[in-house]
Amino acid sequence: MDRISAIRNVEDALREFEDGDTDLAATERRVAAVLRTYATEFDGEGDVFRAVGDDPVDGTVVVAPSEPAARERVLAASGVDDAPDGGEEPAFDVERF
């Protein structure tokens, strides 16, 4: 699924919600499914990586040009690198998704 198709599918889901043809929970599921499909079929300048390991990073999915960049993006997306206490980084690996 390319970006335009993903956007159109999300717009369709939002339109159905606005028209009262579906509820919020169904709209959330549909939008999440579109995003998940887009991510698994991503064909951009980077690869899609998923973090596997300790909370709060486990399951975080990011697009990055390399594994080291993916690790940095996972930490940034989870807010771990902004922690005021400077605590330890969670143990995790990144794998292509």
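Reading guide: rules and limits
Residues numbered from 1 in each chain as written. Predicted model: local features only at pLDDT ≥ 70, side-chain atom pairs only at ≥ 80, totals over all residues. Heavy atoms only, no water. Helix = DSSP H or I, 4+ residues; strand = E, 2+ residues; numbered from the N terminus. Rg over C-alpha atoms; globule rule 2.2 N^0.38 Å. Buried < 20%, exposed > 50% of the residue type's maximum accessible area, 1.4 Å probe, protein only. Contact = heavy atoms within 4.5 Å. Areas by Shrake-Rupley, 256 points an atom, 1.4 Å probe, with all protein chains shown as cover. Lys, Arg positive; Asp, Glu negative; His and termini not counted. Charge placed at Lys NZ, Arg CZ, Asp CG, Glu CD.

**Some details on the overall build of the protein chain**
Part 1 of the argument: The helix and strand tally for the protein chain stands at three helices and three strands.
Part 2 of the argument: Beginning at the N terminus, the succession of helices and strands in the protein chain can be written as α-α-β-β-α-β.
Part 3 of the argument: A globule of 97 residues ought to have a C-alpha radius of gyration of about 13 Å, yet the protein chain, at 16 Å, is considerably larger.
Part 4 of the argument: Viewed in the frame of its principal axes, the protein chain has a C-alpha envelope of about 50 × 30 × 20 Å.
Part 5 of the argument: Counting the 97 residues in the protein chain, one finds 23% classified as buried.
Part 6 of the argument: Across the protein chain, the fraction of contacts at a sequence separation of at least 24, relative to all contacts at a separation of at least 6, is 39%.
Part 7 of the argument: Carbon and sulfur atoms make up 47% of the accessible area of the protein chain, which amounts to about 6,600 Å² in all.
Part 8 of the argument: Of the charged side chains in the protein chain, 10 are positive and 25 negative; the average position of the first set lies 6 Å away from that of the second.

In short, the description is geometric, and any link to function would need to be established separately.
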